[in-house]
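# Examining the three-dimensional arrangement
Take a look at the letters that make up each chain.
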Amino acid sequence: MDYMTTTTTTAPAFTGIIATLVVGLIVGFIADRIMGPGGLGLVWSIVLGLIGSVVGGFIFSLFGMGGYGIIGQILVGIVGACIVLFAARKLKHA
């Protein structure tokens, strides 16, 4: 019985991490397309999109809002990723 409890509690945590990474990759790609050409390249934009997803979640939580469901998480992530991409592009051209 102890084995069954351990197995069922670790699977959702692993699935959540994978889901977060997949959402971050999607968000990075979408944010790169929204921001237009900026010279960072798609790979860096996707990496910054992952970071931007965290930033977006933090910013929205400051206002007592959040992304509920997969669509909400993607929208919050896109906002954060656009902010991070904008800042990265300004730093690159400074």
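Presented here is a report on the structure given in the accompanying data block. (Residues numbered from 1 in each chain as written. Predicted model: local features only at pLDDT ≥ 70, side-chain atom pairs only at ≥ 80, totals over all residues. Heavy atoms only, no water.)

Helix and strand counts for the protein chain come out as 3 helices and 0 strands. Secondary structure elements of the protein chain, listed N to C terminal, follow the sequence α-α-α. A burial count over the protein chain gives 29% of its 94 residues as buried. Restricting to contacts in the protein chain with at least 6 residues of sequence separation, those with at least 24 account for 72%. Per element, the accessible surface of the protein chain, about 6300 Å² overall, is 79% carbon and sulfur. (Helix = DSSP H or I, 4+ residues; strand = E, 2+ residues; numbered from the N terminus. Buried < 20%, exposed > 50% of the residue type's maximum accessible area, 1.4 Å probe, protein only. Contact = heavy atoms within 4.5 Å. Areas by Shrake-Rupley, 256 points an atom, 1.4 Å probe, with all protein chains shown as cover.)

This part covers the nonpolar core. Among the nonpolar cores identified, the biggest contains 12 residues, and these are Val23, Val27, Ala31, Leu40, Leu48, Ile74, Ile78, Ala81, Cys82, Val84, Leu85 and Ala88. Of all elements in the fold, only α1 (2-35) and α3 (69-92) reach the threshold of two or more residues within this core. Per-element tally for this core: the top contributor is α3, with 7 residues. Residues contacting Val23, with those up to four places away along its chain left out, are Ile70, Gln73 and Ile74. (Core = buried A, V, L, I, M, F, W, Y, C linked by side-chain atoms within 4.5 Å.)

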